[in-house]
Amino acid sequence: EAMITMSKIEKTYQSGDNVVHALNKIDLTIEAGAFVSIVGPSGSGKSTLMNMIGCLDKPDSGQYMLGGSHIDKLKDRELAEIRNHKIGFIFQNFNLLGKLTAAENVELPLLYRGVKTKERHARALECLSMVGLAERARHQPNQLSGGQQQRVAIARALAGEPQILLADEPTGALDSKTSEEIMNLLIKLNQNGRTIILITHDLNVARKAKRTVSIRDGKLQEGEHI
Ligand code: ADP
Ligand code: ADP
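Going by the annotation in an unreviewed UniProt entry, the name recorded for the chain is ABC transporter ATP-binding protein, with Sporolactobacillus kofuensis given as the source organism.

Written as structure tokens, this is what we have:
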């Protein structure tokens, strides 16, 4: 069953007199339960594609279906709604709030959705357990290592039970041993049925996924082609 179907997605930017084809007629299908990495060098279109997949932006033309919704036809407000309910974001720099505890950070997406306090607490602890950090629930980000902070961010991404985990260079700020631990965690979450899309410029990270797609000059190719 397809979670994502993109066909002939185009996104161009005007740069002085030049038109940059950041996404050039992209066709991409991602099945539910997949673990796909999108790999490409700087300037290849990764951020643009990630913004498209993550419903942060709409294509100039082409079709994007996500979990049965026609994303390209939505109004901005509807797009935000889909984004908040269907996508769990994981970033290079964790994007945790420094004054909140790990548990409070994980609860944030549930707070925005109006989930009641007791259920939020329970769900946050459950998600922290999934990433092996239940005993750090009351720590603040600055009391945690980089790898632990990324685990908290992953727990936060899981909290809203999204259909897709979308990870943008999730190991970019981590040393190689910690990167491997984070990748192993993502592999485990995928084995438990979660759909994961990972965007990276690092082939060694990309290769850990079940499927690799390369992007170059806004065009996709199946496999590694860097
Ligand atoms: P990557 O994430 O792989 O580095 P991007 O998606 O950021 O690539 O960029 C793809 C291409 O589109 C690059 O040539 C970049 O300079 C250009 N681009 C991206 N965003 C903009 C923008 N807002 N305005 C103009 N050009 C842009
Ligand atoms: P990343 O590090 O994720 O590849 P980039 O550094 O490529 O991100 O881009 C960061 C932001 O800057 C993105 O939102 C992108 O759209 C924008 N951007 C990238 N290239 C350009 C450009 N040539 N002109 C204007 N904005 C750009």
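Draft legend 1. Looking closely at the packing of aromatic side chains. Scanning all chains against the criterion turns up one aromatic pair. Relative to Phe91, the ring of Phe89 lies with its centre 5.9 Å away and its plane at 5°, an arrangement referred to as stacked. Taking relative accessible area as the criterion, Phe89 reaches 15% and is therefore assigned buried. The partly exposed category is assigned to Phe91, whose relative accessible area is 25%.

Draft legend 2. Broad picture of the site of ligand 1. What surrounds ligand 1 is the set Tyr13, Val20, Ala22, Pro41, Ser42, Gly43, Ser44, Gly45, Lys46, Ser47 and Thr48. At 3.4 Å, a backbone N or O of Pro41 approaches an oxygen atom of ligand 1. One of the side-chain nitrogen or oxygen atoms of Thr48 is found 2.6 Å away from an oxygen atom of ligand 1. Considered on its own, ligand 1 offers 560 Å² of accessible surface; in the complex 61% of this is hidden by protein. Considering every element that reaches the shell around ligand 1, the biggest residue donor is helix α1 (residues 46–53), with three residues.

Draft legend 3. Fine view of the pattern of salt bridges. Across all of its chains, the model carries 10 salt bridges by this definition. With its nearest N and O atoms 3.4 Å apart, the salt bridge here joins Asp57 to Lys11. Here Asp57, found in the loop between α1 and β4 (61–66), pairs with Lys11, found in strand β1 (residues 2–15); they are 46 residues apart in sequence, far enough to count as distant. A residue is classified by how much of its surface remains accessible, and Asp57, at 22% relative accessible area, is partly exposed. For Lys11, a relative accessible area of 10% gives the class buried. Here the residues in one salt-bridge network are Lys11, Asp57 and Asp60, joined through shared partners.

Cut-off values and rules
Residues numbered from 1 in each chain as written. Chains lettered and ligands numbered in written order. Predicted model: local features only at pLDDT ≥ 70, side-chain atom pairs only at ≥ 80, totals over all residues. Heavy atoms only, no water. Phe/Tyr/Trp six-rings, centres within 6.5 Å; stacked < 30°, edge-to-face > 60°. Buried < 20%, exposed > 50% of the residue type's maximum accessible area, 1.4 Å probe, protein only. Near = heavy atom within 4 Å. Polar contact = N/O pair within 3.5 Å; in protein donor to acceptor, adjacent residues only side chain to side chain. Areas by Shrake-Rupley, 256 points an atom, 1.4 Å probe, with all protein chains shown as cover. Helix = DSSP H or I, 4+ residues; strand = E, 2+ residues; numbered from the N terminus. Salt bridge = Lys/Arg side-chain N within 4 Å of Asp/Glu carboxyl O.

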